Amino acid sequence: MSLLQKILISLVGMVLAFYFYSGKEEFKPEMLKGKRVIVTGASTGIGEQIAYHLARMGSHLLITARTEAQLQQVVAQCLELGAASARYINGSMEDMKFAQAVVKKAEELWGSLDMLILNHIGKSYFNYFDWDIRHVQKLMDINFLSYVTMTISALPMLKNSGGSIVVVSSMAGKIGFPFTVTYSATKFALHGFFSSLRQEFVMQNTNVSITLCILGLINTESAMKAVSGRFTSPPAPKEECALEIIKGGALRQREVYYRYMDTKIFTVLRDWAPEFIDYLIRKNYNMDNLKQD
Ligand SMILES: NC(=O)c1ccc[n+]([C@@H]2O[C@H](COP(=O)([O-])OP(=O)(O)OC[C@H]3O[C@@H](n4cnc5c(N)ncnc54)[C@H](OP(=O)(O)O)[C@@H]3O)[C@@H](O)[C@H]2O)c1
Ligand SMILES: *[C@@H]1O[C@H](CO)[C@@H](O)[C@H](O)[C@H]1NC(C)=O
Ligand SMILES: *[C@@H]1O[C@H](CO)[C@@H](O)[C@H](O)[C@H]1NC(C)=O
(Lines give C-alpha, C1' and ligand atoms only; values in the text may rest on other atoms or scores of the structure.)
(Ligands and ions follow the chains in the order given, each with its own letter.)
Protein backbone atom coordinates (compact mmCIF):
# COMPACT_ATOMS: atom_id res chain seq x y z
CA MET A 1 0.00 0.00 0.00
CA SER A 2 1.35 3.44 -0.86
CA LEU A 3 1.91 6.07 1.80
CA LEU A 4 -0.86 8.17 0.25
CA GLN A 5 -3.35 5.32 0.64
CA LYS A 6 -2.32 4.85 4.25
CA ILE A 7 -2.82 8.54 4.95
CA LEU A 8 -6.20 8.57 3.19
CA ILE A 9 -7.45 5.54 5.09
CA SER A 10 -6.36 7.02 8.40
CA LEU A 11 -8.09 10.30 7.57
CA VAL A 12 -11.33 8.48 6.81
CA GLY A 13 -10.90 6.60 10.08
CA MET A 14 -10.47 9.82 11.99
CA VAL A 15 -13.58 11.38 10.46
CA LEU A 16 -15.60 8.28 11.39
CA ALA A 17 -14.12 8.30 14.90
CA PHE A 18 -15.05 11.95 15.27
CA TYR A 19 -18.71 11.30 14.34
CA PHE A 20 -18.84 8.25 16.55
CA TYR A 21 -17.54 10.07 19.60
CA SER A 22 -19.49 13.26 19.04
CA GLY A 23 -22.70 11.24 19.47
CA LYS A 24 -21.75 10.44 23.06
CA GLU A 25 -22.56 12.22 26.30
CA GLU A 26 -21.95 15.96 26.30
CA PHE A 27 -19.86 17.83 28.82
CA LYS A 28 -21.59 20.18 31.25
CA PRO A 29 -19.71 22.29 33.80
CA GLU A 30 -22.28 21.17 36.43
CA MET A 31 -20.69 17.73 36.26
CA LEU A 32 -17.88 19.09 38.43
CA LYS A 33 -20.04 20.98 40.90
CA GLY A 34 -19.35 19.86 44.45
CA LYS A 35 -16.83 17.24 43.25
CA ARG A 36 -13.73 16.72 45.37
CA VAL A 37 -10.61 17.02 43.22
CA ILE A 38 -6.84 16.82 43.81
CA VAL A 39 -4.70 18.69 41.25
CA THR A 40 -0.92 18.21 41.38
CA GLY A 41 1.56 20.69 39.93
CA ALA A 42 -1.08 23.38 40.31
CA SER A 43 1.15 26.32 41.27
CA THR A 44 1.83 27.25 37.63
CA GLY A 45 1.10 26.34 34.03
CA ILE A 46 -1.61 23.90 32.98
CA GLY A 47 -2.27 22.69 36.54
CA GLU A 48 -2.97 26.25 37.71
CA GLN A 49 -5.45 26.71 34.84
CA ILE A 50 -7.12 23.38 35.67
CA ALA A 51 -7.62 24.66 39.23
CA TYR A 52 -9.20 27.91 37.99
CA HIS A 53 -11.63 26.08 35.67
CA LEU A 54 -12.64 23.69 38.46
CA ALA A 55 -13.10 26.64 40.82
CA ARG A 56 -15.51 28.27 38.35
CA MET A 57 -17.39 24.97 38.14
CA GLY A 58 -17.78 24.90 41.92
CA SER A 59 -15.51 21.98 42.87
CA HIS A 60 -13.77 21.31 46.17
CA LEU A 61 -10.04 21.64 45.50
CA LEU A 62 -6.85 20.36 47.06
CA ILE A 63 -3.85 21.62 45.09
CA THR A 64 -0.19 20.81 45.52
CA ALA A 65 3.34 21.74 44.37
CA ARG A 66 6.55 22.75 46.20
CA THR A 67 6.26 26.54 46.31
CA GLU A 68 4.00 27.61 49.16
CA ALA A 69 3.70 31.30 48.25
CA GLN A 70 2.51 30.45 44.75
CA LEU A 71 -0.02 27.90 46.03
CA GLN A 72 -1.45 30.47 48.46
CA GLN A 73 -2.10 32.83 45.56
CA VAL A 74 -3.76 30.13 43.46
CA VAL A 75 -5.98 29.11 46.39
CA ALA A 76 -7.05 32.73 46.94
CA GLN A 77 -7.87 33.07 43.25
CA CYS A 78 -9.84 29.79 43.29
CA LEU A 79 -11.98 30.99 46.20
CA GLU A 80 -12.66 34.21 44.36
CA LEU A 81 -13.70 32.29 41.24
CA GLY A 82 -16.29 30.26 43.16
CA ALA A 83 -14.62 27.08 44.40
CA ALA A 84 -16.74 25.21 46.96
CA SER A 85 -13.53 25.08 48.97
CA ALA A 86 -9.81 25.34 48.19
CA ARG A 87 -6.81 24.13 50.18
CA TYR A 88 -3.17 23.45 49.43
CA ILE A 89 -0.37 21.25 50.70
CA ASN A 90 3.23 21.93 49.68
CA GLY A 91 6.08 19.48 49.27
CA SER A 92 8.15 17.59 46.73
CA MET A 93 6.99 14.57 44.75
CA GLU A 94 10.53 13.21 44.93
CA ASP A 95 9.39 12.00 48.33
CA MET A 96 6.83 9.18 48.18
CA LYS A 97 5.79 9.89 51.77
CA PHE A 98 4.69 13.31 50.59
CA ALA A 99 2.79 11.80 47.65
CA GLN A 100 0.90 9.67 50.20
CA ALA A 101 0.42 12.66 52.51
CA VAL A 102 -1.42 14.58 49.78
CA VAL A 103 -4.03 11.84 49.45
CA LYS A 104 -4.23 11.52 53.23
CA LYS A 105 -4.96 15.24 53.46
CA ALA A 106 -7.87 14.83 51.02
CA GLU A 107 -9.18 11.99 53.15
CA GLU A 108 -9.02 14.16 56.28
CA LEU A 109 -10.71 17.07 54.53
CA TRP A 110 -13.44 15.25 52.65
CA GLY A 111 -13.42 11.56 53.58
CA SER A 112 -13.83 10.93 49.85
CA LEU A 113 -12.37 11.76 46.46
CA ASP A 114 -13.95 12.06 43.01
CA MET A 115 -11.05 12.97 40.74
CA LEU A 116 -7.28 12.68 40.95
CA ILE A 117 -5.55 14.91 38.39
CA LEU A 118 -1.88 13.98 38.11
CA ASN A 119 -0.07 16.76 36.29
CA HIS A 120 3.22 17.72 37.98
CA ILE A 121 6.65 17.15 36.41
CA GLY A 122 10.16 17.62 37.77
CA LYS A 123 12.59 19.98 36.14
CA SER A 124 14.52 18.51 33.21
CA TYR A 125 16.68 19.91 30.42
CA PHE A 126 15.98 20.41 26.73
CA ASN A 127 19.10 19.12 25.01
CA TYR A 128 20.99 15.99 23.94
CA PHE A 129 20.89 13.20 26.54
CA ASP A 130 23.66 13.87 29.07
CA TRP A 131 24.07 10.26 30.32
CA ASP A 132 23.40 11.29 33.93
CA ILE A 133 21.71 8.24 35.46
CA ARG A 134 20.87 10.07 38.71
CA HIS A 135 18.76 12.54 36.77
CA VAL A 136 16.93 9.63 35.09
CA GLN A 137 16.26 8.09 38.49
CA LYS A 138 15.09 11.35 40.05
CA LEU A 139 12.80 12.21 37.16
CA MET A 140 11.34 8.68 37.21
CA ASP A 141 10.53 9.22 40.89
CA ILE A 142 8.83 12.59 40.35
CA ASN A 143 7.13 12.01 36.98
CA PHE A 144 6.23 8.33 37.33
CA LEU A 145 6.63 6.71 40.75
CA SER A 146 4.76 9.48 42.60
CA TYR A 147 1.86 9.06 40.15
CA VAL A 148 1.74 5.35 40.97
CA THR A 149 2.06 6.03 44.70
CA MET A 150 -0.81 8.53 44.71
CA THR A 151 -2.96 6.17 42.64
CA ILE A 152 -2.41 3.35 45.13
CA SER A 153 -3.25 5.62 48.07
CA ALA A 154 -6.32 7.12 46.41
CA LEU A 155 -7.80 3.91 45.01
CA PRO A 156 -10.02 2.99 47.99
CA MET A 157 -11.66 6.43 47.91
CA LEU A 158 -11.94 6.44 44.10
CA LYS A 159 -13.54 2.99 44.10
CA ASN A 160 -16.13 4.19 46.61
CA SER A 161 -17.04 7.26 44.59
CA GLY A 162 -16.82 5.70 41.10
CA GLY A 163 -14.17 8.33 40.54
CA SER A 164 -11.61 9.22 37.90
CA ILE A 165 -7.86 9.34 37.45
CA VAL A 166 -6.58 11.87 34.95
CA VAL A 167 -2.94 11.59 33.87
CA VAL A 168 -1.46 14.56 32.03
CA SER A 169 1.00 13.26 29.47
CA SER A 170 2.50 14.29 26.19
CA MET A 171 3.15 13.35 22.59
CA ALA A 172 6.55 12.45 24.03
CA GLY A 173 4.77 9.58 25.82
CA LYS A 174 3.71 8.09 22.48
CA ILE A 175 6.54 8.90 20.07
CA GLY A 176 10.29 9.41 20.58
CA PHE A 177 11.22 13.09 20.49
CA PRO A 178 14.79 14.41 20.55
CA PHE A 179 16.12 16.52 23.47
CA THR A 180 13.66 15.07 25.98
CA VAL A 181 15.03 11.54 26.31
CA THR A 182 14.51 11.19 30.07
CA TYR A 183 11.20 13.06 30.14
CA SER A 184 9.96 10.89 27.29
CA ALA A 185 10.92 7.73 29.19
CA THR A 186 8.89 8.84 32.22
CA LYS A 187 5.85 9.58 30.03
CA PHE A 188 6.08 6.23 28.19
CA ALA A 189 6.17 4.57 31.61
CA LEU A 190 2.93 6.33 32.56
CA HIS A 191 1.25 5.12 29.37
CA GLY A 192 2.30 1.53 30.04
CA PHE A 193 1.21 1.58 33.67
CA PHE A 194 -2.13 3.30 33.27
CA SER A 195 -3.16 1.56 30.02
CA SER A 196 -2.54 -1.85 31.60
CA LEU A 197 -4.28 -0.82 34.79
CA ARG A 198 -7.32 0.32 32.79
CA GLN A 199 -7.60 -3.19 31.32
CA GLU A 200 -7.55 -4.74 34.79
CA PHE A 201 -10.14 -2.27 36.09
CA VAL A 202 -12.50 -3.40 33.33
CA MET A 203 -11.81 -7.08 34.05
CA GLN A 204 -12.36 -6.58 37.79
CA ASN A 205 -15.41 -4.31 37.44
CA THR A 206 -13.53 -1.51 39.17
CA ASN A 207 -15.54 1.58 38.32
CA VAL A 208 -12.63 4.03 38.22
CA SER A 209 -11.95 5.70 34.88
CA ILE A 210 -8.44 6.41 33.61
CA THR A 211 -7.87 9.27 31.17
CA LEU A 212 -4.46 9.77 29.56
CA CYS A 213 -3.95 13.25 28.08
CA ILE A 214 -1.67 13.45 25.05
CA LEU A 215 -0.67 17.08 24.71
CA GLY A 216 1.29 18.90 22.03
CA LEU A 217 3.27 22.06 22.79
CA ILE A 218 1.37 24.33 25.24
CA ASN A 219 2.24 27.96 25.96
CA THR A 220 3.16 27.59 29.64
CA GLU A 221 6.02 29.73 30.90
CA SER A 222 8.35 26.79 31.55
CA ALA A 223 7.71 25.12 28.18
CA MET A 224 8.17 28.38 26.28
CA LYS A 225 11.44 28.98 28.09
CA ALA A 226 12.68 25.44 27.42
CA VAL A 227 11.99 25.39 23.69
CA SER A 228 12.51 29.09 22.92
CA GLY A 229 13.84 29.44 19.39
CA ARG A 230 14.46 25.71 19.06
CA PHE A 231 11.02 24.42 18.13
CA THR A 232 9.24 25.90 15.14
CA SER A 233 5.59 24.80 15.66
CA PRO A 234 3.28 27.32 17.37
CA PRO A 235 2.05 26.41 20.90
CA ALA A 236 -1.59 25.97 21.98
CA PRO A 237 -3.19 28.00 24.83
CA LYS A 238 -2.92 26.56 28.35
CA GLU A 239 -6.43 27.76 29.33
CA GLU A 240 -8.18 25.77 26.59
CA CYS A 241 -5.85 22.84 27.19
CA ALA A 242 -6.80 22.76 30.88
CA LEU A 243 -10.51 22.73 29.98
CA GLU A 244 -10.08 19.83 27.52
CA ILE A 245 -8.31 17.83 30.23
CA ILE A 246 -11.19 18.36 32.67
CA LYS A 247 -13.77 17.49 30.00
CA GLY A 248 -11.98 14.26 29.15
CA GLY A 249 -11.85 13.27 32.81
CA ALA A 250 -15.49 14.15 33.48
CA LEU A 251 -16.64 12.19 30.40
CA ARG A 252 -14.43 9.27 31.48
CA GLN A 253 -12.67 9.18 28.11
CA ARG A 254 -9.67 6.87 27.77
CA GLU A 255 -7.55 9.51 26.04
CA VAL A 256 -7.58 13.23 25.37
CA TYR A 257 -5.66 14.60 22.40
CA TYR A 258 -4.92 18.34 22.47
CA ARG A 259 -4.71 19.94 20.07
CA TYR A 260 -6.47 17.10 18.35
CA MET A 261 -5.18 17.61 14.81
CA ASP A 262 -1.61 18.36 15.95
CA THR A 263 -1.36 15.21 18.05
CA LYS A 264 -3.78 12.54 16.79
CA ILE A 265 -2.47 12.42 13.21
CA PHE A 266 1.08 11.78 14.41
CA THR A 267 0.06 9.00 16.74
CA VAL A 268 -2.21 7.36 14.13
CA LEU A 269 0.53 7.38 11.47
CA ARG A 270 3.29 6.50 13.92
CA ASP A 271 3.22 2.75 13.30
CA TRP A 272 2.49 2.96 9.60
CA ALA A 273 5.15 5.43 8.56
CA PRO A 274 7.63 5.62 11.44
CA GLU A 275 10.58 6.90 9.40
CA PHE A 276 8.41 9.60 7.86
CA ILE A 277 6.99 10.70 11.23
CA ASP A 278 10.47 10.78 12.78
CA TYR A 279 11.59 12.92 9.86
CA LEU A 280 8.65 15.34 10.26
CA ILE A 281 9.41 15.66 13.96
CA ARG A 282 13.11 16.38 13.38
CA LYS A 283 12.10 19.08 10.86
CA ASN A 284 10.43 20.95 13.73
CA TYR A 285 13.69 21.64 15.52
CA ASN A 286 16.01 24.51 14.91
CA MET A 287 19.43 23.06 15.67
CA ASP A 288 21.20 26.43 15.40
CA ASN A 289 19.57 27.58 18.61
CA LEU A 290 20.40 24.47 20.59
CA LYS A 291 22.68 25.66 23.35
CA GLN A 292 25.64 23.50 24.27
CA ASP A 293 24.77 23.71 27.96
N1 LIG B 1 3.68 22.80 28.41
C2 LIG B 1 3.81 21.92 27.43
O3 LIG B 1 4.21 22.25 26.32
C4 LIG B 1 3.44 20.48 27.65
C5 LIG B 1 3.43 19.62 26.55
C6 LIG B 1 3.08 18.29 26.74
C7 LIG B 1 2.75 17.84 28.00
N8 LIG B 1 2.77 18.69 29.06
C9 LIG B 1 2.46 18.17 30.40
O10 LIG B 1 1.59 19.03 31.08
C11 LIG B 1 1.86 18.97 32.49
C12 LIG B 1 2.04 20.37 33.03
O13 LIG B 1 3.05 21.03 32.32
P14 LIG B 1 3.33 22.60 32.48
O15 LIG B 1 3.95 23.08 31.24
O16 LIG B 1 2.09 23.26 33.00
O17 LIG B 1 4.45 22.56 33.65
P18 LIG B 1 4.93 23.74 34.65
O19 LIG B 1 4.28 25.02 34.32
O20 LIG B 1 6.42 23.68 34.66
O21 LIG B 1 4.37 23.23 36.05
C22 LIG B 1 4.95 22.17 36.71
C23 LIG B 1 4.30 22.05 38.06
O24 LIG B 1 4.90 20.97 38.80
C25 LIG B 1 5.40 21.46 40.04
N26 LIG B 1 6.61 20.73 40.40
C27 LIG B 1 7.85 20.84 39.86
N28 LIG B 1 8.72 20.04 40.47
C29 LIG B 1 8.02 19.41 41.46
C30 LIG B 1 8.38 18.48 42.47
N31 LIG B 1 9.64 18.03 42.60
N32 LIG B 1 7.42 18.06 43.32
C33 LIG B 1 6.14 18.51 43.21
N34 LIG B 1 5.75 19.39 42.26
C35 LIG B 1 6.69 19.84 41.41
C36 LIG B 1 5.64 22.94 39.80
O37 LIG B 1 5.58 23.71 40.99
P38 LIG B 1 6.83 23.92 42.01
O39 LIG B 1 7.99 24.27 41.19
O40 LIG B 1 6.35 24.97 42.92
O41 LIG B 1 6.99 22.60 42.72
C42 LIG B 1 4.46 23.30 38.92
O43 LIG B 1 3.31 23.51 39.67
C44 LIG B 1 3.08 18.07 32.65
O45 LIG B 1 2.68 16.76 32.97
C46 LIG B 1 3.69 18.08 31.27
O47 LIG B 1 4.45 16.92 31.00
C48 LIG B 1 3.12 19.99 28.91
C1 LIG C 1 6.98 24.24 51.73
O2 LIG C 1 6.93 25.64 51.93
C3 LIG C 1 7.74 26.11 52.96
C4 LIG C 1 7.46 27.58 53.15
O5 LIG C 1 7.67 28.30 51.95
C6 LIG C 1 9.21 25.85 52.62
O7 LIG C 1 10.03 26.29 53.71
C8 LIG C 1 9.40 24.36 52.40
O9 LIG C 1 10.72 24.13 51.95
C10 LIG C 1 8.42 23.84 51.37
N11 LIG C 1 8.54 22.41 51.28
C12 LIG C 1 9.10 21.78 50.25
C13 LIG C 1 9.23 20.30 50.40
O14 LIG C 1 9.47 22.35 49.24
C1 LIG D 1 -19.51 4.28 37.64
O2 LIG D 1 -19.33 5.58 38.15
C3 LIG D 1 -19.96 6.59 37.40
C4 LIG D 1 -19.56 7.94 37.96
O5 LIG D 1 -19.51 7.96 39.33
C6 LIG D 1 -21.48 6.36 37.45
O7 LIG D 1 -22.12 7.36 36.69
C8 LIG D 1 -21.79 4.99 36.89
O9 LIG D 1 -23.17 4.73 37.02
C10 LIG D 1 -20.98 3.93 37.62
N11 LIG D 1 -21.17 2.67 36.92
C12 LIG D 1 -21.41 1.55 37.58
C13 LIG D 1 -21.52 0.33 36.74
O14 LIG D 1 -21.54 1.50 38.80
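Our subject is the structure listed above.
In this report, we go over the structure that sits alongside the text. Sequence order as written defines the numbering, with residues in each chain counted from 1. Whichever chain is written first is A, and whichever ligand is written first is 1; the rest continue in order. Side-chain atom pairs in this predicted model are given and counted only at pLDDT of 80 or more, local residue features only at pLDDT of at least 70, and totals for whole chains, interfaces and linings cover all residues. Heavy atoms from the whole structure form the basis of all side-chain values; hydrogens and water molecules are not counted.

## Some details on the overall build of the chain
Here a strand is any run of E in DSSP of at least two residues, a helix any run of H or I of at least four, and the numbering for each starts at the N terminus. A count of helices and strands for the chain gives 10 helices and 7 strands. We take the radius of gyration over the C-alpha atoms and set the globule estimate at 2.2 Å times the residue count to the 0.38 power. Compactness check: the chain gives a C-alpha radius of gyration of 19 Å against a globular reference of 19 Å for 293 residues, within 12% of the reference. In terms of its C-alpha atoms, the chain occupies a principal-axis envelope of roughly 55 × 50 × 35 Å. Here the term buried applies to any residue with accessible area under 20% of the maximum for its type, exposed to any over 50%, and partly exposed to those in between, with areas from a 1.4 Å probe on protein chains only. Taking all 293 residues of the chain together, the buried fraction comes to 47%. Contact criterion: two residues are considered in contact whenever any of their non-hydrogen atoms come within 4.5 Å of each other. For the chain, restricting intrachain contacts to residue pairs at least 6 apart in sequence, the fraction spanning at least 24 positions comes to 71%. Carbon and sulfur atoms form 55% of the exposed surface of the chain, whose accessible area is close to 15,000 Å². His is not counted here, nor are the chain ends, while Lys and Arg score as positive and Asp and Glu score as negative. By convention, the charge on Lys lies at NZ, on Arg at CZ, on Asp at CG and on Glu at CD. Here the chain holds 31 positive side-chain charges and 26 negative ones, and the gap between their average locations is 2 Å. Here, Shrake-Rupley sampling with a 1.4 Å probe gives the accessible areas, and only protein chains in the shown set may cover a residue.

## Considerations on the pairing of strand S3 (residues 85–90)
By definition, two strands form a pair when at least two bridges between them are found by DSSP. Relative to S3, strand S2 (residues 60–65) runs parallel, the two being bridged by 6 bridges. Following the sheet pairing, His-60 is matched in S3 by Ser-85. Clockwise travel from the first strand over the helix to the second, with the strands pointing away from the viewer, marks a crossover as right-handed. Regarding the hand of the β-α-β motif, the stretch spanning S2, helix H3 (residues 68–81) and S3 is right-handed.

## Quick word on the site of ligand 2
A cutoff of 4 Å decides nearness: a residue is near a molecule or strand if any of its heavy atoms lies inside that distance of it. Around ligand 2, the neighbouring residues are Arg-66, Glu-68, Asn-90, Gly-91 and Ser-92. Here a polar contact means two N or O atoms within 3.5 Å. Within protein one must be a hydrogen donor candidate and the other an acceptor candidate, and residues neighboring in sequence count only if both atoms are side-chain atoms. Glu-68 places a side-chain nitrogen or oxygen 3.3 Å from an oxygen atom of ligand 2. A distance of 2.2 Å is found between an oxygen atom of ligand 2 and a side-chain nitrogen or oxygen belonging to Asn-90. Burial of ligand 2 by the surrounding chains reaches 40%, relative to a free accessible area of 360 Å². Amino acids outside the nonpolar list (Ala, Val, Leu, Ile, Met, Phe, Trp, Tyr, Cys, Pro) and the charged list (Asp, Glu, Lys, Arg) are all regarded as polar, and Gly is one of them. Taken together, the residues of the shell around ligand 2 break down into no nonpolar, 3 polar and 2 charged.

## So, the pattern of salt bridges
Salt bridge criterion: a side-chain nitrogen from Lys or Arg within 4 Å of a carboxyl oxygen from Asp or Glu. Per the stated rule, a full pass over the model turns up 6 salt bridges. Between Lys-174 and Glu-255 there is a salt bridge whose closest N-O contact spans 2.9 Å. Of the two residues, Lys-174 sits in the loop between strand S5 (164–170) and helix H6 (181–203) while Glu-255 sits in strand S7 (residues 255–258), which places them 81 residues apart along the sequence. Note that Lys-247 is salt-bridged to Glu-244, the shortest N-O span being 3.4 Å. Here Lys-247 pairs with Glu-244, and both are found in helix H8 (residues 238–250), just 3 residues apart, close to one helical turn. For Lys-247, a relative accessible area of 26% gives the class partly exposed. According to the relative accessible area criterion, Glu-244 is partly exposed, its value standing at 26%.

## Notes on the site of ligand 1
The immediate surroundings of ligand 1 are formed by 29 residues, with Ser-43, Thr-67, Tyr-183, Thr-220 and Ser-222 found nearest. One of the side-chain N or O atoms of Thr-67 is found 2.5 Å from an oxygen atom in ligand 1. In the environment of ligand 1, a nitrogen atom lies 2.9 Å from a nitrogen or oxygen atom belonging to the backbone of Met-93. In the complex, the protein chains occlude 91% of the 890 Å² of accessible area that ligand 1 would expose alone. Elements with a minimum of two residues in the shell around ligand 1: helix H2 (45–56), S5, H6 and helix H7 (221–227). Counting residues per element, the shell around ligand 1 draws most heavily on S5, which supplies 3 residues. In terms of residue class, the shell around ligand 1 is built from 12 nonpolar, 15 polar and 2 charged.

## Let's talk about the packing of aromatic side chains
One pair of aromatic rings is described through two measures. These are the centre distance and the angle between the planes. Two rings belonging to Phe, Tyr or Trp (six-membered ring only in the last case) form a pair when the distance between their centres is within 6.5 Å. Interplanar angles under 30 degrees mark stacking, angles over 60 mark edge-to-face geometry, and anything in between is tilted. Here the structure, examined in full by the defined rule, presents 9 aromatic pairs. Between Phe-129 and Trp-131, the ring centres sit 4.9 Å apart and the planes meet at 65 degrees, which makes this aromatic pair edge-to-face. Between the aromatic rings of Phe-231 and Tyr-285, the centroid separation amounts to 5.0 Å while the plane-to-plane angle is 75 degrees, which identifies the pairing as edge-to-face. Pair noted here: Phe-231 is in the loop between H7 and H8 and Tyr-285 is in the segment after helix H10 (274–283), with a separation of 54 residues, a long-range link.

## A word on the sheet that holds S2
Read across the sheet, 7 strands follow the order S3-S2-S1-S4-S5-S6-S7 without closing on themselves; strand pairing throughout is parallel. Each end of this open sheet is capped by a strand with a single partner; those strands are S3 and S7. Within the sheet, the average angular offset between the axes of one strand and its neighbour, ignoring direction, is 15 degrees. Summarising the sheet, strand S4 (residues 115–118) and S5 pair through 4 bridges and their orientation is parallel. If you follow Met-115 over to S5, its bridge partner there is Ser-164. Angles shown run from 0 to 180 degrees and are taken between the N-to-C directions of axes, each axis being a line fitted to C-alpha atoms and, for helices, limited to the stretch in contact. Lying on the sheet, helix H5 (residues 133–161) is in contact with strand S1 (36–40), S4 and S5; it crosses S4 at an angle near 170 degrees. Against the sheet, H6 makes contact with S4, S5, strand S6 (209–215) and S7, and its axis sits at roughly 150 degrees relative to S6, the strand it touches most.

## Side note on the nonpolar core
In terms of nonpolar packing, the biggest core is built from 50 residues, with Ile-38, Met-150 and Phe-194 touching the most fellow members. Examining the composition of this core, we find that 10 residues originate from one element, H5, more than from any other. In contact with Phe-194, other than residues within four places in its own chain, are Leu-118, Tyr-147, Thr-151, Ile-165, Val-167, Ile-210 and Leu-212. Buried Ala, Val, Leu, Ile, Met, Phe, Trp, Tyr and Cys residues that are joined via side-chain atoms within 4.5 Å together make up what is termed a nonpolar core. Leu-61, Ala-86, Ile-117 and Tyr-258 belong to the second largest nonpolar core, which has 36 residues in total.

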